[in-house]
Structures are given as structure tokens and as C-alpha cells.
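# Examining the three-dimensional arrangement
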Amino acid sequence: MSRPLHRGVSGGGRLSVNGPDLWDDSQMKDKIEKEDLERNRSPGDQTYSPTKFLCRILFPDNSPSKHNLGENGLLSDPFSPGTGRNRLKYALGLIRLSLVGIILLALTGSFWWTISITSSSRGHIYHGYRQLQEQVVSDLRDIGQLSLGAANVKDIEYCPPESENFIPCFNVSENLDLGLSKGEEFDRQCGPGSRQNCLVLPPVNYKIPLRWPTGRDVIWHVNVNITAQEVLSSGGMTKRLMMLEEEQISFRSDSAMFDSIEDYSHQIAEMIGLRNESNFVRAGVRTILDIGCGYGSFGAHLFSSQLLTMCVANYEASGSQVQLTLERGLPAMIGSFNSKQLPYPSLSFDMIHCAECHVDWDQKDGIFLVEVDRLLRPGGYFVWTSTVTNTQRSVHNKVSLKKWNFVRNFAESMCWKLLAQQDETVVWKKTSLKKCYFARRPGVGPSICSKGQDIESPYYRPLQACIAGTQSRRWIPIEERTKWPSRAKLNSSELKIHGLLSEALAEDSLNWNSAVNNYWSLLSPLIFSDHPKRPGDDDPSPPYNMLRNVLDMNAHFGGLNAALLDARKSVWVMNVIPTSGPNYLPLILDRGFVGVLHDWCEAFPTYPRTYDLVHANGLLSMEFGQHSRCPMFDLFIEMDRVLRPEGWVILRDTVPLIELARSHAARLKWDARVIEVESSDEKLLICQKPFSRRQAS
């Protein structure tokens, strides 16, 4: 059970500008123990704040309904059980007079406080004390709104229990009713009515995930929708390296088994011509697309070698590969190219991996292999592990032999070079030379896409049967690209391809490095005061990681991702580029990050409770500044769905939009604070999602 939250939502706590780093715990123990001792001395509700104190005085608890609201939606008299009109007028008048007096006192105090700090240092971007002053005024305004018509604000309802793993746009039964089959029933169908206007609650016995690195290899069984039988009967190689131990599922990625992930990765490296998997980066490999990833064990093992593996798999109602991978804190999203292209640019990944991924590569005239070719960078690798590739078995199995011959010949027709074949694993290398396509015999292999067909960043377009990416300026062999980690900066010639100057990226990086430093200064005291140590937990091991993944809803150049790496935060970022804005996704992927195109008027292709932190800079202005294609509150419901309990939201935008966002956060029952940004007409909204439990039936 988690500790009660002590956040001082309405300004009762101080935001430390020079607070400790989110992952540095060396100076926090004494302070935390002292705060816990002081809290234990005073009985009652520990989340008591000045705003709640005012509400308790103005609206005593002897009323029959919450906030003293009568059955007709009006406020009951706070001084007597009667509900007469005169008493109501008297109460409202007294409240207004009290508000005027308190606001005058607050403004006077703010004036003298401003004079007192004019000579002090203002080196930091955020002003905690000033924020607290503004928070008091904001809370008083909220009380006034409550007194004038709190009944007009309708609380959002909770979704029914069967929706705890609900994902809009993925409904296999409805797709079957539409006549879709042969794998297309798993495709994403986002139409009217696909959303749910309710809050998705976690399972009854949901537990906060374990900290990294422990949480990467051990998860709580109750947090994911998988049966014990599914755990025991999981058949794929990367699936069977896990075991159920009481309440936990452990992933044995470092097992001594012969066919362990470590041995498997080492085998692939040798087939490419490398000494071991730690040399992948030297060969130009940084980002990997893992199709049908099992439960993420391949990517989890490579994570320590600075390789970033994105898992994509079909939607699964139970035993989902994507859900379990995300619960481990690893990159994953629902994706299927049965009929549509994935929402990634052409030439996006250095390697594409498929180990028993259940894709019939020989079907539909090889169009799935054409999509793999589109996503692979020049010189990239396609790794396929399957019983079909075992030539000794295929000799006795005509169906498997036919499939293997088709895939091998089709790969050759696309100018892929067969590097090696061992046991059931085959490795191909995509050509780095465009002239290979034109040297083919007429009629052999897929044709080259025309300029109209070769769209660099498609958004769920139908699959194309032609070779894409040849007309892109980003056609650069992986061996010639800047190696990781320097690749995150990109050299001047690489930036020129994207129409950027080195100075522009350097300035963006400088701004984000400062922003990330301030984010952690604001969040660290709050996180450590909320979670000094959970009952039964050992002391956290370095790097004291409370956050494992971040959803950046408007990633721009990927500056937040780069700043987190510069600050040595061991998190990964899902960089999302909205379809309504400029398309910087090719730039982000060329920097060695992972990301995706997305329309934020639709649901994100992920399971509930996916991300520890949701971040959006300027997204509200982009989507709702001048005109909006969908209600803003729908976006906030979606943010709540993908955010883990006790997860965080950081929004930066114009003052009017932040104020509107704050009202939406209140409806979602988030704890929210508004922070001023120096020398800007923008503000920050920092929120935390509460841990709301569903009562066991």
C-alpha cells in the first residue's frame, strides 16, 4: 500500500528552486524522517491545506451533501440546517465580503514581498514564492466560483470494471462484424464513438511498479491482464524466458539457459561480423524495431548496450506483448501492418527484428517485406528467426520450404544481401546503393515508388507495393552516419538535410537543458515527500529512478529527449509529432531517438497506465489556440488513461490555455499547481494523478 500523498495542492507547500535532483537521495533521508516525525505528531488528515481549512470553516461537515450542496444544486446555509432564501443571500454576501478583504490583504502582502526581493538573485526561471502568492489568490477565486455555482461543474464518471484495459480504436469483435478478416481485424479503426468519456481505473489490487532497474525485470502480476496459464504456456523464444513467482512475474533475461537472450544477441552480432552485441553501435546500429517482441526481453537486454528497441505487436485482449513490455518500462506501442503502413517515416530504423513474430512474410505478394524495406535505413539489417528458415526441417515440410524459398528470393529481388544463416536465424543486409535497383532485370522485384507514392511520413496509409525512400535526401548508409552518442547532436551536413543550422539546434538544446534542470528542481521535493520509502521496500539503489518513461506529446526537435540524456537520466522518451503541426519526426529518428506521428484528436495506440510522465510544450496552442477539431477535455481524458497512478503531467503554454487546462485537471481530480515562467507570457501546469482505487466487489 502506498503512503498517503502530502502534496500541498493549493499552495500549502513550498516549491524548492534548488531542490535535490530526482535521482539523488543522499541528502534527503534526514529531512524525510524529520518531516515524517512532525506529521505523526499532529493527528487528522495530513493533506490538510489552507484552502481546505477555508472550505471547512465556510462549509461545515454537518451538511447532508458534499460541499453543502442542496438537492436543487444551491448551497445550503452554513450556519443553520434551514435552507431559506434569506439565509443563502446572507451567506453569499458574507463570503464575498470575506473574499474582498482577504484578496486585499494578499495583494498588499504581495506588494511588500515584491519590494523585498528586488535586490535578490533571480537566476532561476521559476519563482516558487511568487507562485505560492498567486496560488492563494487562485484558490480564493476557486472558492468564489464554488459559492456561485459549484453544482454546474459535473464530475467525470469512472469507467466500468471491464474497461480497465480499454484501448479506443481497437475492437476486434466490431471489426469482425464489419467483415474484416485475415489479420485485418486487428488493425486500428478510429471512428466516431471510439472514445469513452470516463476515467479508467486500475485493477482492484494494482501496485505501483518497482523502481528501475528492478522494475525492468520484475513486474506485479495484478498490474497486467494475463493469466497464469498464459505465462506458463507462452511459446515464443523471447516469451518463455519468464516465470510466475507468487505475486510477481520475473523475466530471466540473464538466464544460463543455452537459448537465453544473451546468447541469442551474441549470435546475431557474430552473424553480422561483430565480436558481440556491445559492438552494434560501432556498426551503426542504434534503433531497432522489434516486431512481435514477445515480452520485450530482447530490447531489455540490449538497453544496457545503448540500443533503443521499439516493440510493436497486434492488439491482444489478454496476455498482450505490448502491455507487459510497457509495464516493464520499455518502449512499445500497438502496431500492425496487415493492411496499413506504420506511422513512422521511411528510413527510420537501423535493424528490424522478428523472432517467431507470426507474420506470414510470403503472403500478399511480399508486401509486408516491402514495408520492412521502407522502414530500414540503407545498410540496415533484417533479422528473422523462425522454424521456416530451418532448411533441414523444411526439406521434410513442403509448406515451410515453399515459404522459405519465396522469402529468400523476394529479399534478393529487393537488393538485400543474405549475410548468414545459423540454426533458425537468418540475417539480411539492405543495400546502401540505389543503383542496385536499376541494375535488376526488368520485371524482377517490386518497382520504385513514384514521387507521389513515396511519402516520407505516412499516417496509417494503405500498404504500398513499391520500394520507398529512394528519393529522400536522408538516404545515408548507417555506416556513414554519426555514431551514437554523438549522433544525438547531428553534424552540420545532416542538419542541412532537415533545413536546420547547427546554431538553431544548439540553442534548442541549451533551452531544454535549463528546462529539464528546473523540472527536476520542482518535482524532486514533491516526489520524495510523497514516497520517502514504501513499506517493505529496500532502500532505493542508484540511480534512484522514480521515472522510467516519458510521453512527449509535442516533441518538436526532440529537445526534451536530448536534455534528459545530457543530464544522464535513465529514462526513454516516446517523441510524438502531432499531425496538425510541422513534421520533425524524421529529424528525431535520425538523432537516434524513437517517436511516432499521431493525431491527438484520436486515442494513442497504447494500453492504460503506460507512462510515468506526460509532457506537452505548446500542444494546447497548436490544437486549440485558434480553432479546435475536437474538445480539449477529450485530450485530458486520454492523458489520464495513459498516465500511471501517481504519475505526473507537465504542460507549458499561454496563460489563458493553462488556466483552462487547470480547470480540466480539477475535473479529473488531479493535484495541480501553476508555475510562472520568467520573461515569458507562458506558464507551467504541473499535475499529479492520484491513486484512485476501485473497491473490491
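What counts and what doesn't
- Residues numbered from 1 in each chain as written.
- Predicted model: local features only at pLDDT ≥ 70, side-chain atom pairs only at ≥ 80, totals over all residues.
- Heavy atoms only, no water.
- Pairing = 2+ DSSP bridges.
- Helix = DSSP H or I, 4+ residues; strand = E, 2+ residues; numbered from the N terminus.
- Axes fitted to C-alpha atoms, helices over the stretch in contact; angles between N-to-C directions.
- Contact = heavy atoms within 4.5 Å.
- Expected span 1.5 Å × (residues − 1).
- Buried < 20%, exposed > 50% of the residue type's maximum accessible area, 1.4 Å probe, protein only.
- Arc of directions from axis to C-beta.
- Polar contact = N/O pair within 3.5 Å; in protein donor to acceptor, adjacent residues only side chain to side chain.
- Right-handed = clockwise from strand over helix to strand, strands pointing away.
- Phe/Tyr/Trp six-rings, centres within 6.5 Å; stacked < 30°, edge-to-face > 60°.
- Parallel < 35°, antiparallel > 145°, perpendicular 65-115°, else oblique.
- Left-handed = near helix turned anticlockwise from the far one by under 90°.
- Nonpolar A, V, L, I, M, F, W, Y, C, P; charged D, E, K, R; others polar.
- Disulfide = S-S within 2.5 Å.

## Structural notes on the sheet that holds strand S3 (residues 248-251)
Either a parallel or an antiparallel arrangement is found when strands of a sheet pair, and the pairing is made through backbone hydrogen bonds. Pairing is antiparallel in the open sheet, where 3 strands are placed in the order S1-S3-S2. With one partner strand each, in any of the chains shown, strand S1 (218-220) and strand S2 (242-245) form the two edges of the open sheet. Across this sheet, the average inter-strand angle for adjacent strands is 25°, counted without regard to direction. Summarising the sheet, S1 and S3 pair through 3 bridges and their orientation is antiparallel. By the bridge assignment for S3, Val218 is matched with Ser250.

## Quick notes on the sheet that holds strand S9 (residues 416-422)
Taken in spatial order, the 7 strands line up as S6-S5-S4-S7-S8-S10-S9 in an open sheet, and their pairing is mixed. Two strands close off the open sheet at either side, each with one partner strand: strand S6 (332-334) and S9. Put simply, the sheet's adjacent strands are angled 20° from each other on average, direction ignored. Alignment of strand S7 (residues 349-355) against strand S8 (residues 376-385), held across 6 bridges, turns out to be parallel. Within the sheet, the bridge partner assigned to Met351 lies in S8 and is Tyr381. Packed onto the sheet, helix H11 (residues 367-375) meets strand S4 (287-291), S7, S8, S9 and strand S10 (425-430) and runs at close to 135° relative to S8. Here helix H13 (residues 398-413) sits on the sheet and contacts S8, S9 and S10; the angle it forms with S10, its principal contact strand, is near 20°.

## Some thoughts on helix H21 (residues 655-667)
Taking 1.5 Å per residue, 13 residues should reach 18 Å; H21 reaches 19 Å between its end C-alpha atoms and fits that length. Within H21, the full set of buried residues consists of Leu657, Ile658, Ala661, Arg662, His664 and Ala665. The buried residues of H21 occupy an angular sector of 165° when the element is viewed end-on, so they sit on one face. Counted as exposed and oriented over 90 degrees from the buried face of H21: Pro656 and Ala666. Directly after H21, the chain includes Lys669, whose backbone phi takes a positive value near 70°.

## Concerning helix H20 (residues 632-642)
Summarising burial for H20: 11 of the 11 residues are buried, a large majority. Among all positions in H20, only Met632, Phe633, Asp634, Leu635, Phe636, Ile637, Glu638, Met639, Asp640, Arg641 and Val642 are buried. For H20, the elements touching its buried residues are strand S11 (549-552), strand S14 (611-617), helix H19 (619-624), strand S15 (643-654) and H21.

## Some points on the side chain of Arg487
Here Arg487 lies in the loop between helix H14 (435-438) and helix H15 (492-497). When its relative accessible area of 2% is taken as the criterion, Arg487 is described as buried. Engagement of the side chain of Arg487 in a polar contact is seen with the side chain of Asp350, the distance being 3.2 Å. When near neighbours in sequence (up to four residues on either side) are disregarded, Arg487 contacts Gly284, Arg286, Thr287, Asp350, Arg377, Thr482, Leu589, Asp590, Arg591 and Gly592.

## With respect to the side chain of Glu494
With respect to the secondary-structure elements, Glu494 resides in helix H15. Among the polar contacts made by the side chain of Glu494, one reaches the side chain of Thr482 at a distance of 3.2 Å. Here Glu494 is in contact with Arg481 and Thr482, once residues within four sequence places are set aside.

## Describing the environment of Phe298
Along the chain, the position of Phe298 falls in helix H9 (residues 297-303). For the pair Phe298 and Ala355, spaced 57 residues apart in sequence, the C-alpha to C-alpha distance is 9.6 Å. When near neighbours in sequence (up to four residues on either side) are disregarded, Phe298 contacts Ile261, Tyr264, Ser265, Ile268, Ile288, Asp290 and His353.

## Here's the deal with the pairing of S7
For S7, the tally of buried residues reaches 7 of 7 residues, placing the bulk of the element in the interior. Sheet topology places S4 next to S7; 4 bridges connect them, and they run parallel. Each bridged residue has a counterpart across the sheet, and for Ile288 the counterpart in S7 is Met351. Since S7 and S8 lie parallel, the crossover through H11 that links them has a hand, and here it is right-handed.

## A word on the packing of aromatic side chains
Taken as a whole and assessed by the stated rule, the structure comprises 18 aromatic pairs. Judged by centre distance (5.5 Å) and plane angle (50°), the ring pair of Phe382 and Trp416 falls under tilted. Linking Phe382 in strand S8 with Trp416 in strand S9, this pair joins segments that are 34 residues apart in sequence. In this structure, Phe382 and Trp416 share a single accessibility class: buried.

## Side note on the pairing of S4
For S4, a buried count of 5 out of 5 residues is recorded, marking the element as mostly surrounded by other parts of the structure. Here S4 shows a buried face lined by Thr287, Leu289 and Ile291 and a second buried face lined by Ile288 and Asp290. Where S4 meets strand S5 (residues 308-313), 5 bridges bridge the pair, whose relative direction is parallel. Considered in S5, the bridge of Ile291 is made with Val312. Where the polypeptide runs from S4 across H9 and back to S5, its parallel neighbour, the crossover connection is right-handed.

## Looking at the packing of H20 against H21
Direction vectors running N to C along H20 and H21 enclose 55°, while the axes themselves pass 10 Å from each other. It follows that H20 is oblique to H21 by the angle criterion. Like other packed secondary-structure pairs, H20 and H21 cross with a definite hand, here right-handed. Residues Met632, Phe633 and Phe636 of H20 touch H21, and the partners they reach there are Leu657, Leu660, Ala661, His664 and Arg667. Each residue belonging to the contact of H20 with H21 can be placed in one class, and the counts come to 6 nonpolar, 1 polar and 1 charged.

## Let's talk about the state of the cysteines
All chains considered together, the criterion is met by 7 disulfides. The partner cysteine of Cys159 in its disulfide is Cys198, sulfur to sulfur 1.9 Å. Here the S-S torsion is close to 100°, and the disulfide linking Cys159 with Cys198 is therefore right-handed. Separated by 39 residues along the polypeptide, Cys159 in the loop between helix H4 (128-149) and helix H5 (172-177) and Cys198 in the loop between H5 and helix H6 (214-217) bring together distant segments of the chain. Comparing Cys159 with Cys198, the two get one shared label, buried. Each sulfur in the disulfide pair Cys354 and Cys357 lies 1.9 Å from the other. Here the disulfide of Cys354 and Cys357 is left-handed, its torsion about the S-S bond being about -80°. Cys354 sits in the buried class, given a relative accessible area of 0%. By relative accessible area, Cys357 is classed as buried at 10%.

## Here's the deal with the environment of Tyr158
For Tyr158, the position within the fold is in the loop between H4 and H5. Apart from residues lying up to four places away in sequence, Tyr158 is in contact with Cys198, Leu199, Leu201, Lys669 and Ser692.

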